[in-house]
Amino acid sequence: MENVRTRFAPSPTGYLHVGGARTALYNYLFARHNGGKFVLRIEDTDVIRSTAESEKALIDALQWLHLNWDEGPDVGGKFGPYRQSERLSIYHKYANELLKKGNAYECYAYPEEIEQLKEEQLNKGKPPRLTYNDVSRFSTFQRKRDFERGGLKPGVIFKMERKARVLDDLVKGRVRFGENAAGDFFLLRSSGMPTYNFAVVIDDAMMKITHVIRGDDHLSNTLRQMTLYDALGFDLPKFAHVSMILGPDKKRLSKRHGAVAIEYYRDSGYLSEAMLNYLVLLGWSHPAGKEVLSIDEMCSAFTIERLSSSPAIFDGVKLKHLNGLYIRHLDINKITELTIPYLAEAGFEVGDMEFSWLMKAVDSVREECTTLKDMPEKLSIYLRMPQPDSYTESLLNTEKVRESLIILRGKFSQAKDELTDEDLTNLVKDVLKEIKIKGKVFYPALRYVLTGKKVGPKLLSVLSVLGKERVIQRIDNALNE
Ligand code: GLU
């Protein structure tokens, strides 16, 4: 497909919702699959709710997911600016054009009056629909003067065609809108700010967006937007409306269902690879049914035809499971790097740790972790000397355990500094042979003495990660109690 251009157009009014992240991912993948461009546009025309901190948080979360954009407020591009608040003169120009052509009219009503109008219609059992007749009565000489004095501009309202219309949506198929499906709507508010439906059309057209992939909660807006495209003489992009993500109760996924912010998952020790993998499958499937997918595999397999038209259910347990899988299989260097901040946060002194040693330690415990947050506790067996307790005492009093430990200690102190797995295996086996203690008695006791835990990584890994010096220290510590 030629010159594909997609966009993600979040409003910076909070965090990045998992649904938003999925939309961003689909737009990213579609652009990448087709060798096109992916644009980030910040829709910040809701001045009260939009904040610079939210924009930063959104950008950070998208960067954490590695959904890199080719054009956007931070990287620029030839169709900028990419922040709607910086494009006001463009919207005004087109609003004037529509006014001149007779496709729009001015409105001198205050927002409360518009609300009241809609309420009256609702009370009469009618759907709330604005018309010129409803608002023209506010255009009195007095009102115009009040507006002028208050520094207000008349709102601009688009005259919506009242005719049935069809949208051939790439996901939903043919969608029919009845002739009264939408009434007239605001293009500009009296504050001079554009509405979402207006700004989105101007920007998608100016930014040459070819495919609009977004949630199907925007379907009814699409009718308004299509009519605007026609009135402005712009070519329509293709629309693909993806189904909502639902909670387990089949209601739209929201905070009520638990964590929905990407930032929460990032900060709770999820891997961006697992997150992307989980998100892509919430509404899309791989042609060969693959469930574990790298971003490159997603890019090469992604087509809109495989987007599902039915809603997906968000399953936090499945996401966690997938995260565990990624922790176990991703490059160990990377997992170790990612673990360091969690260790620091848990109060461990990471400055002196040797990276290759830590890598070995992480590798030995990653089987047991489902998020990176589990790492400090699992790694603590290597980082803290266990405190002997009554259980240690009872183990030491078990027949031959104390002697076996003494023999093992002796063997360690005579061994070379660097011990291979084979050396370690032989060393322990020799103890068993020498004193005729059963493995099933000795191994659990040795594990407890070395780690202070009854379960954990393979004993061989524990010995290997701890190394000669620490093994000796820990045995001494237990024996001397
Ligand atoms: N700013 C809109 C939103 O966050 C964008 C919707 C669209 O993609 O058109 O819902």
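See the structure shown above.
I will try to describe carefully the structure that is included in this document.

## Concerning the sheet that holds strand S3 (residues 104-107)
- Spatial ordering of the open sheet is given by S3-S4-S7, a layout of three strands whose pairing is antiparallel. The sheet is open, and its two borders are formed by S3 and strand S7 (185-188), each paired with just one other strand. Looking at each pair of strands side by side, their axes are set apart by 40° on average, direction ignored.
- Bridge count between strand S4 (residues 155-158) and S7: three bridges; the pairing is antiparallel.

## Considering the pattern of salt bridges
- Summed over all chains, the structure comprises 28 salt bridges.
- Note that arginine 32 is salt-bridged to aspartate 70, the shortest N-O span being 3.2 Å. Of this pair, arginine 32 sits in helix H1 (residues 18-33) while aspartate 70 sits in the loop between helix H2 (52-64) and helix H3 (88-101), and the two are 38 residues apart along the sequence.
- Take aspartate 70: its relative accessible area is 32%, and that puts it in the partly exposed class.
- With its nearest N and O atoms 2.3 Å apart, the salt bridge here joins glutamate 273 to lysine 334. Of the two residues, glutamate 273 sits in helix H10 (residues 272-280) while lysine 334 sits in helix H13 (residues 332-345), which places them 61 residues apart along the sequence.
- Each member of the salt-bridge network shares a partner with another, and the members are Arg7, Arg41, Glu43, Arg87, Asp203 and Asp204.

## Description of the environment of serine 272
- As for its placement among the helices and strands, serine 272 is situated in helix H10.
- Counting along the chain gives 210 residues from serine 272 to leucine 62, while the straight-line C-alpha distance between them is 9.9 Å.
- A polar contact of 3.5 Å, which involves the side chain of serine 272, links it to the backbone oxygen of tryptophan 64.
- Here glutamate 273 takes part through its side chain, which lies 3.3 Å from a polar atom of the side chain of serine 272.

## Section: the nonpolar core
- Core analysis: the biggest nonpolar cluster contains 104 residues, and Ile262 and Tyr382 have the highest contact counts within it.
- Take this core: its biggest share by element is 10 residues, from helix H20 (residues 459-479).
- Apart from the residues within four sequence positions on either side, isoleucine 262 is in contact with Leu16, His17, Val18, Ala21, Ala61, Trp64, Leu65, Met275 and Leu279.
- Among the nonpolar cores identified, the runner-up in size contains 36 residues, and Phe185, Leu228, Ala231 and Phe234 belong to it.

## Here we look at helix H4 (residues 111-123)
- Between its first and last C-alpha atoms H4 spans 18 Å; for 13 residues at 1.5 Å apiece the expected length is 18 Å, and the two agree.
- Along H4, the residues classified as buried are Glu113, Ile114, Leu117 and Gln121. Buried residues along H4 cover an arc of 105° about the axis, so they all sit on one side. Looking at H4, the residues exposed on the side facing more than 90 degrees away from the buried face are Pro111, Glu112, Leu122 and Asn123.
- If you follow the buried residues of H4, they end up packed against S3, helix H5 (132-136), helix H6 (141-149) and S7.

## Concerning the site of the ligand
- Around the ligand, the structure places Arg7, Ala9, Ser11, Glu43, Tyr196, Val200, Arg214 and His218.
- Histidine 218 places a side-chain nitrogen or oxygen 2.9 Å from an oxygen atom of the ligand.
- In the complex, the protein chains occlude 78% of the 300 Å² of accessible area that the ligand would expose alone.
- Its residues placed into classes, the shell around the ligand shows three nonpolar, two polar and three charged.

## Observations concerning the side chain of arginine 474
- Here arginine 474 lies in helix H20.
- Buried charge arginine 474 goes without a salt bridge, the closest partner of opposite sign being glutamate 469 at 11 Å.
- A distance of 2.6 Å separates a polar side-chain atom of arginine 474 from the backbone oxygen of isoleucine 381.
- With sequence-adjacent residues up to four places away left out, arginine 474 is seen in contact with Ile381, Tyr382, Leu383, Arg384, Met385, Pro386, Val449, Leu450 and Leu466.

## Remarks on the packing of aromatic side chains
- Enumeration over the complete set of coordinates arrives at 16 aromatic pairs.
- With 5.3 Å between their ring centres and 55° between their planes, phenylalanine 158 and phenylalanine 185 make a pair best called tilted. Of this pair, phenylalanine 158 sits in strand S4 while phenylalanine 185 sits in strand S7; the two residues are 27 residues apart in sequence, bridging distant segments of the chain.
- The exposure class assigned to phenylalanine 158 is buried, which follows from its relative accessible area of 1%.
- Taken together, the ring pairs connect Tyr264, Tyr265, Tyr270, Tyr278 and Phe314 into an aromatic cluster.
- Positioned above the aromatic ring of tyrosine 391 is the side chain of lysine 454, whose terminal nitrogen or guanidinium carbon lies 4.3 Å from the ring centre.

## What about the packing of H3 against helix H8 (residues 219-232)?
- Closest axis-to-axis distance for the H3/H8 pair is 11 Å, and the angle between their directions is 75°. Between H3 and H8, the angle falls in the class roughly perpendicular. Only Leu228, Ala231 and Leu232 of H8 make contact with H3, whose side of the interface consists of Tyr94, Glu97, Leu98 and Lys101.
- Residues that form the contact of H3 with H8 fall into these classes: five nonpolar, no polar and two charged.

## Quick notes on the environment of alanine 57
- Here alanine 57 lies in helix H2.
- Sequence-wise, alanine 57 and valine 135 are 78 residues apart; in three dimensions their C-alpha atoms are separated by 40 Å.

Rules behind the numbers
- Residues numbered from 1 in each chain as written.
- Predicted model: local features only at pLDDT ≥ 70, side-chain atom pairs only at ≥ 80, totals over all residues.
- Heavy atoms only, no water.
- Pairing = 2+ DSSP bridges.
- Helix = DSSP H or I, 4+ residues; strand = E, 2+ residues; numbered from the N terminus.
- Axes fitted to C-alpha atoms, helices over the stretch in contact; angles between N-to-C directions.
- Salt bridge = Lys/Arg side-chain N within 4 Å of Asp/Glu carboxyl O.
- Buried < 20%, exposed > 50% of the residue type's maximum accessible area, 1.4 Å probe, protein only.
- Polar contact = N/O pair within 3.5 Å; in protein donor to acceptor, adjacent residues only side chain to side chain.
- Core = buried A, V, L, I, M, F, W, Y, C linked by side-chain atoms within 4.5 Å.
- Contact = heavy atoms within 4.5 Å.
- Expected span 1.5 Å × (residues − 1).
- Arc of directions from axis to C-beta.
- Near = heavy atom within 4 Å.
- Areas by Shrake-Rupley, 256 points an atom, 1.4 Å probe, with all protein chains shown as cover.
- Nonpolar A, V, L, I, M, F, W, Y, C, P; charged D, E, K, R; others polar.
- Lys, Arg positive; Asp, Glu negative; His and termini not counted.
- Phe/Tyr/Trp six-rings, centres within 6.5 Å; stacked < 30°, edge-to-face > 60°.
- Lys NZ or Arg CZ within 6 Å of the ring centre and 35° of its normal.
- Parallel < 35°, antiparallel > 145°, perpendicular 65-115°, else oblique.

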